[in-house]
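Working through the structure, step by step
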Amino acid sequence: MRKVNCSICGGGMLCPESMLKAKHHVCGECFEERPDKVVKLDPAKTYLGAGEEAIDEMMADGMAMGLADTAFDEIWKEAKKHLKGLAEKERARHLFEAGAHLAILCMLEGARADKRRMERGRAGKNACHSG
Ligand SMILES: [Zn+2]
């Protein structure tokens, strides 16, 4: 590991030798605290000094927001019919179930799409990210 300076805050961070040539380096703190700046960097040319857990969290956040953007209206329209007369907690549970259902469908679909992509050897598009 070598010491480099974070491209966002300029603070010191560690970078493996193999990633020294990356155009940008982002420390774990900036990765978590300043995602707005991180998304502006070309991911192919950026070394993220964050743990896998933080990366998973950020991906999950992004996917959850994307799903909410594309599917919440649909879920809400459908769920509203069943929500009357339910306690607040029951309503929340109903919506959570609908959201989790969709997320799992999306993951399964994504896994299938990945498999197809690998079989065909060319890039396809995951419906979950089509916006
Ligand atoms: Zn930083």
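Definitions and limits used
Residues numbered from 1 in each chain as written. Predicted model: local features only at pLDDT ≥ 70, side-chain atom pairs only at ≥ 80, totals over all residues. Helix = DSSP H or I, 4+ residues; strand = E, 2+ residues; numbered from the N terminus. Buried ≥ 20, exposed ≤ 12 C-beta atoms within 10 Å, placed from the backbone. Contact = placed C-beta atoms within 7 Å. Core = buried A, V, L, I, M, F, W, Y, C linked by C-beta atoms within 7 Å. pLDDT = per-residue confidence, 0-100. Pairing = 2+ DSSP bridges.

Glancing now at the overall build of the chain. Looking only at helices and strands, one finds four helices and four strands in the chain. Within the chain, the fraction of its 131 residues that count as buried is 9%. At a minimum sequence separation of 6, the contacts of the chain that also span at least 24 residues come to 25%.

Further remarks concern the nonpolar core. With nine residues, the main nonpolar core is built from M13, C15, V26, C27, C30, F31, V38, Y47 and L48. Mapped by element, the contributors of at least two residues to this core are β2 (12-15), β3 (24-27), α1 (28-33) and β4 (46-49). Sequence-distant contacts of M13, defined by excluding residues within four places in its chain, comprise V4, C6, H25, C27 and G49.

All right, on to the confidence of the model for the chain then. For the chain, per-residue confidence averages 83 on the pLDDT scale, and 87% of positions sit at 70 or higher. The secondary structure element of the chain with the lowest average pLDDT is helix α3 (residues 52-83), at 82, and the one with the highest is β3, at 92. Contacts of residues 123-127 to residues separated by more than four positions or lying in other chains number eight contacts, the stretch itself having pLDDT below 50.

What follows concerns the pairing of β2. Residues M13 and C15 point to one face of β2 and are all buried, whereas G12 and L14, pointing to the other face, are not buried. Pairing of strand β1 (residues 2-5) with β2 involves four bridges; the strand directions are antiparallel. When the sheet's bridge partners are listed, V4 is paired in β2 with M13.

This part is about the environment of C27. Its place among the elements puts C27 in strand β3. Residue C27 is classed as buried on the basis of its 24 C-beta neighbours within 10 Å. Residues C27 and N5, 22 residues apart in the sequence, show an inter-C-alpha distance of 8.3 Å. Those residues in contact with C27, other than ones at most four positions away along the chain, are C6, C9, G11, M13 and G49.

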